[in-house]
Amino acid sequence: MTAGEEERLRVIAHQIDLQTRRLDEVDTALAKLVADDAVLSRLAQVVGPACAACIGSLVGSPLDFESARALEKAMGLNLKEKSSGNHKGRMHITKRGPGQVRHLLFLAALRFMKDDATALAWCRARKGYQAAQKLKAIVALMRKLARALWHVARGATFDPTKLFDTRRLD
């Protein structure tokens, strides 16, 4: 490397270090804000502080919704059939809620699937997962998590075994 390239690399490494520190500060501040709110702190135990804060700011408090289905709909995770008079369509999520919430809930579902053997077994047992359409299984897990968050916000403890019918799993 030339001296100019070395200096440029040094500046880039310094900028990366600086931005990493700032990001850590933001994460710490966000975790503190979430911990100060009783409802968001319960949600954060399930999906993490970033996802909990995103749900609280973009969708509102889960306590404001009269049912788990209403919260799921506000997140854009409710199912809708795309059909016409001659064509019977498939079910799709509506995506009417904030996309950022769905994105962070998707990441939370992936982390949940990685950490919980029952969730992974449930996803693998789905037909869509076996047909190389794993995304449908993850979206189904997101929908389950969204409904569970409604109950967690009301004080129920999060129990992953309540999300799945374990009698059908291996």
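In this report, the structure presented in the accompanying data block is examined. (Residues numbered from 1 in each chain as written. Predicted model: local features only at pLDDT ≥ 70, side-chain atom pairs only at ≥ 80, totals over all residues. Heavy atoms only, no water.)

1. What to know about the packing of helix H2 (residues 38-47) against helix H3 (residues 49-59)
Phase 1: It is the contact of H2 with H3, at a shortest axis distance of 7 Å, that shows an interaxial angle of 135 degrees. Overall, the two elements H2 and H3 adopt an arrangement that is oblique. As H2 runs across H3, the sense of the crossing is right-handed. Contact residues: Leu40, Leu43, Ala44 and Val47 in H2; Pro49, Cys51, Ala52, Ile55 and Gly56 in H3.
Phase 2: Of the residues contributing to the contact of H2 with H3, the split by class is eight nonpolar, one polar and no charged. (Axes fitted to C-alpha atoms, helices over the stretch in contact; angles between N-to-C directions. Helix = DSSP H or I, 4+ residues; strand = E, 2+ residues; numbered from the N terminus. Parallel < 35°, antiparallel > 145°, perpendicular 65-115°, else oblique. Left-handed = near helix turned anticlockwise from the far one by under 90°. Contact = heavy atoms within 4.5 Å. Nonpolar A, V, L, I, M, F, W, Y, C, P; charged D, E, K, R; others polar.)

2. Digging into a positive patch on the surface
Phase 1: Together, Arg69, Lys73, Lys80, Lys82, Lys95 and Arg96 make up a positively charged patch on the protein surface.
Phase 2: Of note, Lys82 is situated in the loop between strand E1 (79-81) and strand E2 (91-93). (Patch = residues over 30% accessible without salt bridge, like charges linked within 9 Å, V, L, I, M, F, W, Y side chains within 5 Å. Areas by Shrake-Rupley, 256 points an atom, 1.4 Å probe, with all protein chains shown as cover. Salt bridge = Lys/Arg side-chain N within 4 Å of Asp/Glu carboxyl O. Lys, Arg positive; Asp, Glu negative; His and termini not counted. Charge placed at Lys NZ, Arg CZ, Asp CG, Glu CD.)

3. Points about the pattern of salt bridges
Phase 1: Evaluation of the coordinates by the stated rule reveals six salt bridges.
Phase 2: Its salt-bridge partner being Asp17, residue Arg21 comes within 2.5 Å of it at the nearest N-O pair. With Arg21 and Asp17 both in helix H1 (residues 3-36), this residue pair falls four residues apart, about one helical turn.
Phase 3: Residue Lys32 pairs with Asp36 through a salt bridge whose shortest N-O separation is 3.4 Å.

4. Focus on unusual backbone geometry
Negative phi values dominate among residues other than glycine, just as trans dominates among peptide bonds.
Phase 1: Positive phi, normally seen in glycine, also occurs at Lys95, with a value near 60 degrees.
Phase 2: On the secondary structure map, Lys95 appears in the loop between E2 and helix H5 (99-115).

5. Comments concerning helix H8 (residues 134-153)
Phase 1: Between the first and last C-alpha of H8 there are 29 Å, a value that for 20 residues agrees with the 28 Å anticipated at 1.5 Å per step.
Phase 2: Within H8, 14 of the 20 residues are buried, leaving the element largely enclosed by the surrounding structure.
Phase 3: Count one or two residues on from H8 and you reach Gly155, which has phi positive near 105 degrees. (Expected span 1.5 Å × (residues − 1). Buried < 20%, exposed > 50% of the residue type's maximum accessible area, 1.4 Å probe, protein only.)

6. Some words on the packing of aromatic side chains
Geometry of an aromatic ring pair is reported as the spacing of the ring centres plus the angle between the planes.
Phase 1: Counted according to the given criterion, the structure contains three aromatic pairs.
Phase 2: Between Phe112 and Phe158, the ring centres sit 5.8 Å apart and the planes meet at 65 degrees, which makes this aromatic pair edge-to-face. One end of the pair, Phe112, is in helix H5; the other, Phe158, is in the segment after H8, and 46 residues separate them in sequence.
Phase 3: The exposure class assigned to Phe158 is partly exposed, which follows from its relative accessible area of 26%.
Phase 4: Ring centres of Trp122 and Phe164 lie 5.3 Å apart, and the angle between their planes is 40 degrees; on these two criteria the pair is classed as tilted. Of this pair, Trp122 sits in helix H6 (residues 117-125) while Phe164 sits in the segment after H8; the two residues are 42 residues apart in sequence, bridging distant segments of the chain. Like Phe164, Trp122 is buried.
Phase 5: Members of the aromatic cluster, joined through ring pairs, are Phe112, Trp122, Phe158 and Phe164. (Phe/Tyr/Trp six-rings, centres within 6.5 Å; stacked < 30°, edge-to-face > 60°.)

7. Here's the deal with the layout of surface pockets
Phase 1: By volume, the largest pocket amounts to about 630 Å³.
Phase 2: Those elements giving two or more residues to the lining of the largest pocket turn out to be E2, H5, helix H7 (127-130) and H8.
Phase 3: Element by element, the count of residues in the lining of the largest pocket is highest for H8, at eight residues.
Phase 4: Tallied by class, residues from the lining of the largest pocket come to eight nonpolar, two polar and ten charged. (1 Å grid on protein atoms, 1.4 Å probe; cavity = no way out; pocket = protein on both sides within 12 Å on 5 of 7 lines; lining within 4 Å. Points joined across faces, edges and corners; volume = space filled by probe spheres on them.)

8. A look at the nonpolar core
Phase 1: Counting residues in hydrophobic clusters, the biggest one holds 43 residues, and the most contacted among them are Leu43, Ile55, Met75, Leu105, Leu141 and Leu149.
Phase 2: Counting residues per element, this core draws most heavily on H8, at 13 residues.
Phase 3: If near-sequence neighbours (up to four positions away) are discounted, Leu43 is found in contact with Gly48, Ala52, Ile55, Pro62, Leu149, Val152 and Ala153. (Core = buried A, V, L, I, M, F, W, Y, C linked by side-chain atoms within 4.5 Å.)

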